[in-house]
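For reference, the chains in residue letters:
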Amino acid sequence: MSQKKKNRKRGIQASRSKLTKALFAAGMKTQAALAEKIAEHEQLNSAPKDLVNRVFNEQSVDPNTLERIAAVLEVPAHTLYLSSEEQAAQEAVSNTDNFPAQADPTQSNALGTAESSIAAEPNPAIQTDSNRSTANSALEQPSIVTPKKGPKRRYWPWGAALATVTALIFIWLFQASLSQTNPQTDSATQPKSVAIVIKDQSLEALVDHLSKQLPGGIRRVTVAQALINPPGLSANVADQFQADAVLTFNLYSVSRYQFTQIYYYHQGQQTQIAAIHHTEDELNNHPELIAPALLHAVTQAFNGNTANKGLGLAQQKEFLHARQALEDRSSELKIKRAQSLLTGLLKTHPNFSLAYAGLCQAAVLESWMGNEKSLLQQAEEYCVKALQQDSDNPFAGSAYGHVLARTGRADEAIGYLNQLLQRWPNNVDALVELAQAELSEYHQKGSEQKHYLTQATEHLELATQLSPRFAKIFTDLSSAYFLNGRMLDMIRSLEQGLALEENFTSRFNLNTAYMCVGEPVKALQVALESSSPIEESYLRDEMLGRGYYYNGDFKKAVAHISSAIKNVGTGEMGIQQMWGELADAQRHLGSNENAIDSYRKAITVIQRDDLRGNSNYANQVFHAYYFQMLNLLDANQYPQTMAPFSLDKLVTLLEENPSVSGFFRLAILFNLMQQPTLSLEALTAATDRCPGYNRNPDYAALVDQAGLQPQ
């Protein structure tokens, strides 16, 4: 059988069966109807029939294409992806040489154009009496014109034959899945007795759960490490306890990331039969969810299938180190280190789905530091690849939730992550990403969705209880406390996180907290005391720059903030506040042209977020503030008529409770617009929560003009 050269398919493939199901559920019967619905939804001049046709033909398309179709069908895009099982069945059918290639049975004209093929789509599962009799007569009628008499030729219904082969393949796959779910052992090869050795006490609950599900005909005993003499060799265990086989369970950890490794010794041979990744909290809280994969590996080994499975020890550890490196979101060096490790693993193990999930997470984190559009699209492709290979892995699912929230689909992320948590109850990674998505919704919708802030806080507090050694959670929780105005809780949470692990993100937030409560000396100490190398993160420079700004040393402020921006990615930092801080310092220094350039860049970052669906009330306040500063510096180039928001809109933003820094900038805006009452209201809201704003260089002018007495 000839082997066709496989070309790498870029993009995403959708499942025809899933699309058809969603199509019917949406009340549509044809692809043409779907194309018309897309045109109506997007206000297009013509229906995108070719686009719909490509997707239904399971061709690789851009992720945004599938998003457009999913939006009209009112389903999450990921529910339409072609799974690895469907791909396998598809390849099996395409490699069958016994049957000629047939046209898609749902297409009305095999030789027609894409437009004609989408025009009519009879359901192959539904037949009327008329088309059934027509089909039968076509098979039974002899040819009208024959060159010579002879026996009647009967033509095989090749479409039906192909469908039969496909059905047989799916039956085989289904039976294979049943055998994995309910494994049966081969009595000719299985051991009669097994000694189980647990190298780490943390595995006892998992092994106990697994042991209870082993075939009943196999006697088993768990051997204490202290009883093994001499220790270490499975052959010694088998001899000492006269066991037919030995199962040895090892646990390796890097921070909270772990993998359980199983070695099987039988008939003088020892082989690694499984290496399952999980987190410390998954092992402690839900060992029953990890056990099925191990049970399958053990049962396969009992049946004689002892092929070495999983990555080697060194590669497993590389993956754990990569996951740990991704915890520090502000360190470009650590993100690059993780990407290098994960890319190296895929070179030797191209089907290692968790490496794709890790690259997905890395690309999302890196998006703040480079080309956001490209990196976020790349992140989604990596996550889709991971989920196609393992659709129920909590790490891959959590990373995908992060992608959804980061690309302006926080509501979809919340629904997806809640579904993931139904399958993996109290999974810490999913809880953390769910909380982040909820905070995004709160930022975007303000006080009308205050319950999202409450839920995010509760989810992060639960996560700290489930994984008390995971420093990142305490940092995320501090942000929720800040939005709640719970400054002392914010400081306590950050100090807990730093006690667990030194990292610049926690240190930066603690610096912010001390600045907020009006303790600039402590804030400066936090910036200077970090034990991490300065090249690990841009945040130390940003902290120092902000400290010098509040102390009126604008020259040093400009130097440090500029250094922070240059030390990140391409030097085109994707955080608008950094450009704004730089511009404010340049303005006070009298460097007006540089300040104008920085304010413009800050506005550009905000509008990029708007296009990505990440607009929020705080960003709208900053946008208005940055433009007002441009007007102040060059009224001819940036006249007031170009202002992005009216006074009424700014009053609405004041009512929607933006960030504390947003309140302070609203106070400046209202002051410049000669609205002293509104300026006083906004300034009071800012200083009530963060008294430290009384040290801001713009504060004195506001106090004089708004009538607020210094604190």
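Residues numbered from 1 in each chain as written. Predicted model: local features only at pLDDT ≥ 70, side-chain atom pairs only at ≥ 80, totals over all residues. Heavy atoms only, no water.

### With respect to the overall build of the protein
Next up, step 1: What the protein contains, in helices and strands, is 33 helices and five strands.
Next up, step 2: Taken over 711 residues, the protein has a buried fraction of 49%.
Next up, step 3: In the protein, the share of contacts with a sequence separation of at least 24, taken over all contacts with a separation of at least 6, comes to 63%. (Helix = DSSP H or I, 4+ residues; strand = E, 2+ residues; numbered from the N terminus. Buried < 20%, exposed > 50% of the residue type's maximum accessible area, 1.4 Å probe, protein only. Contact = heavy atoms within 4.5 Å.)

### Thoughts on the environment of Leu227
Next up, step 1: Along the chain, Leu227 falls in the loop between β2 (219-223) and α10 (234-241).
Next up, step 2: Beyond its immediate sequence surroundings of up to four residues, Leu227 is in contact with Gln240 and Phe241.

### Digging into helix α23 (residues 504-516)
Next up, step 1: The end-to-end C-alpha distance of α23 is 18 Å, a good match for the 18 Å that 13 residues give at a rise of 1.5 Å each.
Next up, step 2: Extensive coverage of α23 is indicated by the burial of 13 of its 13 residues.
Next up, step 3: Backbone geometry just downstream of α23 places Gly518 in the positive-phi region, at approximately 85 degrees. (Expected span 1.5 Å × (residues − 1).)

### Description of the packing of helix α9 (residues 204-211) against helix α12 (residues 287-302)
Next up, step 1: Interaxial distance between α9 and α12 falls to 9 Å at its minimum, and their mutual angle equals 55 degrees. As summarised for this structure, α9 and α12 are arranged oblique, according to the angle between their axes. For the pair α9 and α12, the crossing hand works out as right-handed. The segment α9 lies against α12, with Ala205, Leu206, His209 and Leu210 engaging Pro287, Glu288, Ile290, Ala291, Leu294, Leu295 and Val298.
Next up, step 2: Within the contact of α9 with α12, the residues separate by chemical class into nine nonpolar, one polar and one charged. (Axes fitted to C-alpha atoms, helices over the stretch in contact; angles between N-to-C directions. Parallel < 35°, antiparallel > 145°, perpendicular 65-115°, else oblique. Left-handed = near helix turned anticlockwise from the far one by under 90°. Nonpolar A, V, L, I, M, F, W, Y, C, P; charged D, E, K, R; others polar.)

### Here we look at the state of the cysteines
Next up, step 1: Enumeration according to the criterion identifies two disulfides in this entry.
Next up, step 2: Between the sulfur atoms of Cys360 and its disulfide mate Cys383 the distance is 2.1 Å. One disulfide, between Cys360 and Cys383, carries an S-S torsion of -85 degrees and so falls in the left-handed class. Here the residue Cys360 occupies a position in helix α15 (residues 353-366), and Cys383 occupies one in helix α16 (residues 372-389), the gap between them amounting to 23 residues. Of the two residues examined, Cys360 and Cys383, each falls in the buried class.
Next up, step 3: The side chain of Cys516 participates in a disulfide bridge whose partner is Cys690; the two sulfur atoms lie 1.8 Å from each other. The chirality of the disulfide connecting Cys516 with Cys690 is left-handed, given an S-S dihedral of about -90 degrees. With Cys516 in helix α23 and Cys690 in the loop between α32 (676-689) and α33 (699-706), this pair connects stretches of sequence that are 174 residues apart.
Next up, step 4: Relative accessible area serves as the criterion here: at 4%, Cys516 is assigned to the buried category.
Next up, step 5: According to the relative accessible area criterion, Cys690 is buried, its value standing at 2%.
Next up, step 6: With its disulfide-bonded cysteines labelled consecutively along the sequence, the protein is connected as 1-2, 3-4. (Disulfide = S-S within 2.5 Å.)

### Here's the deal with the nonpolar core
Nonpolar side chains in soluble globular proteins tend to end up buried together.
Next up, step 1: Grouped together as the largest cluster of nonpolar side chains are 161 residues, with contacts concentrated most on Leu34 and Leu73.
Next up, step 2: Sorting elements by how many residues they give to this core places α15 first, with ten residues.
Next up, step 3: If near-sequence neighbours (up to four positions away) are discounted, Leu73 is found in contact with Leu19, Ala22, Leu23, Ala26, Met28, Leu34 and Leu80. (Core = buried A, V, L, I, M, F, W, Y, C linked by side-chain atoms within 4.5 Å.)

### Observations concerning the pattern of salt bridges
Next up, step 1: For the structure shown, the criterion picks out 20 salt bridges.
Next up, step 2: Between Asp281 and Arg256 there is a salt bridge, with its nearest N and O atoms 2.9 Å apart. Remark: Arg256 occurs in the loop between β3 (245-254) and β4 (257-266) and Asp281 occurs in helix α11 (residues 280-285); sequence separation between them is 25 residues. One exposure class covers both Asp281 and Arg256, and it is buried.
Next up, step 3: Arg423 is the partner of Asp392 in a salt bridge, and the nearest nitrogen-oxygen pair spans 2.5 Å. Taken together, the residues span a long stretch of sequence, with Asp392 in the loop between α16 and α17 (394-406) and Arg423 in helix α18 (residues 410-423) at a distance of 31 residues.
Next up, step 4: Note on Asp392: relative accessible area 32%, which makes it partly exposed.
Next up, step 5: Salt bridges sharing partners connect three or more residues here, namely Arg256, Asp281, Arg323 and Asp429. (Salt bridge = Lys/Arg side-chain N within 4 Å of Asp/Glu carboxyl O.)

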